[in-house]
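Read off the chains here:
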Amino acid sequence: MNVIFDMDGTLIDSVPGIRASLAYALDQQGHRLTEETDITALIVPPMDQIVATLLAPFGDDRVAQTVTLYREHYGRV
């Protein structure tokens with residue numbers, strides 16, 4: 001018998017970790033994720049779409065590089 005869990009949002013609250021890693025990645029690109037920025041609506045889409053949405057107001061198209069920074073940070077922290 002196999003059991004599969006979708007832990008994200010069910011058993012753990014991953015939003016703080018996602019937010020911290022997004023903030024880190026944006027900071028590395030010279031941008032700031034403000035405390036007022038609500039990322040909860042952005043959690044469901046693929047990470048490249050989330051990052052593209054957050055970079056758009058800055059006119060920044062470095063999505064792949066920012067996603068890499070996000071993943072490196074999330075993996076460490």
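Above this text you will find the structure in question.
Keep in mind that what you see is a predicted model, and the values were worked out from it rather than measured.

Criteria and thresholds
- Residues numbered from 1 in each chain as written.
- Predicted model: local features only at pLDDT ≥ 70, side-chain atom pairs only at ≥ 80, totals over all residues.
- Heavy atoms only, no water.
- Axes fitted to C-alpha atoms, helices over the stretch in contact; angles between N-to-C directions.
- Helix = DSSP H or I, 4+ residues; strand = E, 2+ residues; numbered from the N terminus.
- Parallel < 35°, antiparallel > 145°, perpendicular 65-115°, else oblique.
- Left-handed = near helix turned anticlockwise from the far one by under 90°.
- Contact = heavy atoms within 4.5 Å.
- Nonpolar A, V, L, I, M, F, W, Y, C, P; charged D, E, K, R; others polar.
- Expected span 1.5 Å × (residues − 1).
- Buried < 20%, exposed > 50% of the residue type's maximum accessible area, 1.4 Å probe, protein only.
- Arc of directions from axis to C-beta.

1. A look at the packing of helix H1 (residues 15-28) against helix H3 (residues 63-76)
Alright, step 1. Between H1 and H3, the shortest axis-to-axis distance is 8 Å and the interhelical angle comes to 135 degrees. The pairing of H1 with H3 is recorded here as oblique in orientation. As H1 packs across H3, the resulting crossing turns out to be right-handed. Contacts from Gly 17, Ile 18, Ala 20, Ser 21, Leu 22, Tyr 24, Ala 25, Leu 26 and Gln 28 in H1 reach Thr 66, Leu 69, Tyr 70, His 73, Tyr 74 and Arg 76 in H3.
Alright, step 2. Residues of the contact of H1 with H3, tallied by class, amount to nine nonpolar, five polar and one charged.

2. Some details on H1
An α-helical turn contains 3.6 residues, so a residue and the one three or four places further along point in the same direction.
Alright, step 1. Taking 1.5 Å of rise per residue, 14 residues should cover 20 Å, and H1 covers 20 Å from first to last C-alpha, within 8% of that figure.
Alright, step 2. Listed as buried for H1 are Ile 18, Ser 21, Leu 22, Ala 25 and Leu 26. Projected down its long axis, H1 carries its buried residues within an arc of 135 degrees, all on one side.
Alright, step 3. Elements that come into contact with the buried residues of H1 comprise helix H2 (47-55) and H3.
Alright, step 4. Just downstream of H1, Gly 30 is the residue with a positive phi angle, here 90 degrees.

Without other data, these values stay purely geometric and don't point to any function.
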